[in-house]
Amino acid sequence: MPKGPQGRTSHYMVDCFFPNAAYAGGFRKSSFRVKANGSEEAIREARNGIFGDMPYHFHVRAAFGKGYTVIYRSEDA
């Protein structure tokens, strides 16, 4: 896989939300990691990486140091 701007691939997290009244906010959350060279590739990989039950919606977060920033919300698309 090609390397990102600092010589390494960027890390992204995908959070899938499934309706479930037993959880806070009414959704059960399941997450998985995606390695990509940019935001667009990460969103594409997120869409391709969702298997089985389709989530009600999902978010893609970019890793920056010790934190994350949400870069895509499927409910806004």
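Residues numbered from 1 in each chain as written. Predicted model: local features only at pLDDT ≥ 70, side-chain atom pairs only at ≥ 80, totals over all residues. Heavy atoms only, no water.

*Asks:* Explanation requested: the sheet that holds strand β3 (residues 57–64) in the structure shown.
*Replies:* Reading across from one edge, β2-β1-β3-β4 is the order of the 4 strands in this open sheet, with antiparallel pairing throughout. Every other strand in the sheet has two partners, leaving β2 (27–36) and β4 (67–73) as the edge strands with one partner each. Averaged over neighbouring strand pairs, the angle between their axes works out to 30 degrees when direction is ignored. One ladder, built from 6 bridges, connects β3 with β4; its direction is antiparallel. From the neighbouring strand, phenylalanine 64 faces β4, where its bridge partner is glycine 67. Each of β1 (10–19), β2, β3 and β4 is contacted by helix α1 (residues 39–49), which is oriented at about 130 degrees to β2, the strand it contacts most. (Pairing = 2+ DSSP bridges. Helix = DSSP H or I, 4+ residues; strand = E, 2+ residues; numbered from the N terminus. Axes fitted to C-alpha atoms, helices over the stretch in contact; angles between N-to-C directions. Contact = heavy atoms within 4.5 Å.)

*Asks:* Explanation requested: the packing of aromatic side chains in the structure shown.
*Replies:* The description of an aromatic ring pair uses the distance of the two centres, along with the angle that the planes make with each other. As enumerated under the stated definition, the model contains 2 aromatic pairs in all. Between phenylalanine 27 and tyrosine 56, the ring centres sit 5.5 Å apart and the planes meet at 35 degrees, which makes this aromatic pair tilted. In this pair, phenylalanine 27 is assigned in strand β2 and tyrosine 56 in the loop between α1 and β3, connecting sequence segments 29 residues apart. The exposure class assigned to tyrosine 56 is exposed, which follows from its relative accessible area of 61%. With 5.7 Å between their ring centres and 40 degrees between their planes, phenylalanine 58 and tyrosine 72 make a pair best called tilted. One end of the pair, phenylalanine 58, is in strand β3; the other, tyrosine 72, is in strand β4, with 14 residues separating them in the sequence. You'll find phenylalanine 58 and tyrosine 72 in the same group, each marked buried. Its guanidinium or amino end placed over the ring of tyrosine 68, arginine 61 lies 4.5 Å from that ring's centre, counting from NZ or CZ. (Phe/Tyr/Trp six-rings, centres within 6.5 Å; stacked < 30°, edge-to-face > 60°. Buried < 20%, exposed > 50% of the residue type's maximum accessible area, 1.4 Å probe, protein only. Lys NZ or Arg CZ within 6 Å of the ring centre and 35° of its normal.)

*Asks:* How should I be thinking about the confidence of the model for the protein chain in this particular structure?
*Replies:* Segments scoring low in pLDDT should not have their predicted coordinates read at a detailed level. For the protein chain, mean pLDDT is 86; residues scoring 70 or higher make up 88% of the total. Low pLDDT (under 50) marks residues 1–5, which in the prediction has 11 contacts with non-local residues, meaning those over four places away or in another chain. (pLDDT = per-residue confidence, 0-100.)

*Asks:* Help me understand the nonpolar core in this model?
*Replies:* Note that soluble globular proteins tend to have their nonpolar side chains buried in a common cluster. If you look at the biggest cluster of nonpolar residues, it comprises 14 residues, and the most contacted ones within it are Tyr12, Val14, Cys16, Phe58 and Val60. The set of elements that each furnish at least two residues to this core consists of β1, β2, α1 and β3. Sorting elements by how many residues they give to this core places β1 first, with 4 residues. (Core = buried A, V, L, I, M, F, W, Y, C linked by side-chain atoms within 4.5 Å.)

*Asks:* Got a minute to help me understand the environment of serine 10 in this structure?
*Replies:* The residue serine 10 is located in strand β1 in this model. Once the C-alpha coordinates of serine 10 and glycine 38 are considered, the two residues, 28 residues apart in sequence, prove to be 7.0 Å apart. Residue contacts for serine 10: discarding those within four places in its chain leaves Val34, Lys35 and Ala36.

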